[in-house]
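Fold and geometry: a report
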Amino acid sequence: MEHLTAKYGPAAVARFDAPDNPLDCAAGKVGISFNKQRRIIRTGDSHRLVEWCKATQPQTVDPLMETLFKAYFEDARDLSRREELVACAAACGLDGEAAGKALHSDAFQREVDAKATGWSRQGVRGVPFFVVHPASGNGEPVAFSGAQPSEVIAEVLAD
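In short, a report on the structure.

**A few points about the overall build of the protein chain**
A tally of regular secondary structure across the protein chain gives nine helices and two strands. Starting at the N terminus and ending at the C terminus, the protein chain contains elements arranged as α-α-α-α-α-α-α-α-β-β-α. For the protein chain, the spread of C-alpha atoms along the principal axes amounts to about 45 × 40 × 30 Å. For the protein chain, buried positions account for 25% of its 159 residues. Accessible area of the protein chain: about 10700 Å², with a carbon and sulfur share of 55%. Across the protein chain, the mean location of the 18 positive side-chain charges is 4 Å away from that of the 22 negative side-chain charges.

**Examining the packing of helix H4 (residues 44-56) against helix H7 (residues 96-103)**
For the pair H4 and H7, interaxial distance at closest approach is 10 Å and the crossing angle is 125 degrees. The orientation of H4 relative to H7 falls into the category oblique. The interaxial crossing formed by H4 with H7 has right-handed handedness. Contacts between H4 and H7 pair Asp45, Arg48, Leu49 and Trp52 from the former with Ala98, Ala99, Ala102 and Leu103 from the latter.

**Some thoughts on the side chain of Asn21**
Summarising the element assignment, Asn21 is placed in the loop between helix H2 (10-17) and helix H3 (22-29). A polar atom in the side chain of Asn21 sits 2.9 Å from the backbone oxygen of Ala18. Among the polar contacts listed, one links the side chain of Asn21 to the backbone nitrogen of Asp24, at a separation of 2.7 Å. The residues touching Asn21, leaving out its near neighbours within four places in the chain, are Arg15, Phe16 and Lys36.

Here is what the cut-offs are and how they apply
- Residues numbered from 1 in each chain as written.
- Predicted model: local features only at pLDDT ≥ 70, side-chain atom pairs only at ≥ 80, totals over all residues.
- Heavy atoms only, no water.
- Helix = DSSP H or I, 4+ residues; strand = E, 2+ residues; numbered from the N terminus.
- Buried < 20%, exposed > 50% of the residue type's maximum accessible area, 1.4 Å probe, protein only.
- Areas by Shrake-Rupley, 256 points an atom, 1.4 Å probe, with all protein chains shown as cover.
- Lys, Arg positive; Asp, Glu negative; His and termini not counted.
- Charge placed at Lys NZ, Arg CZ, Asp CG, Glu CD.
- Axes fitted to C-alpha atoms, helices over the stretch in contact; angles between N-to-C directions.
- Parallel < 35°, antiparallel > 145°, perpendicular 65-115°, else oblique.
- Left-handed = near helix turned anticlockwise from the far one by under 90°.
- Contact = heavy atoms within 4.5 Å.
- Polar contact = N/O pair within 3.5 Å; in protein donor to acceptor, adjacent residues only side chain to side chain.

And the structure:
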């Protein structure tokens, strides 16, 4: 909580720690129960694992992402630990040994760094971040950051 308090202030932390906070309410509607015991971690290896999966078994990317999100957000697993990432990969039917080898090398580091730099240049500073392109194909995309209530998203898209 110290990190969140320093970044967003005590009022924001109190609001999102309340039982009826907007994030938990929205998550509950789709069957997600956030684990308050999770801690903020570095995600570079998680991103490298996803890039490795895209290169080796692209059909398994979605199940891997679902497994990683559940492991972190609901189960509060420490995904900064490579053995946890390997277990997530294996749970999706990926070759755990090959995933471990990729994680213990510098494989896909350049790709992850390039993507992070590209998003940063576009103004992305955190997640979630949305870029919505007009259905007509005409006009500029609309971009906004943060977990927003549906009313705010509707207002941004209407402008």
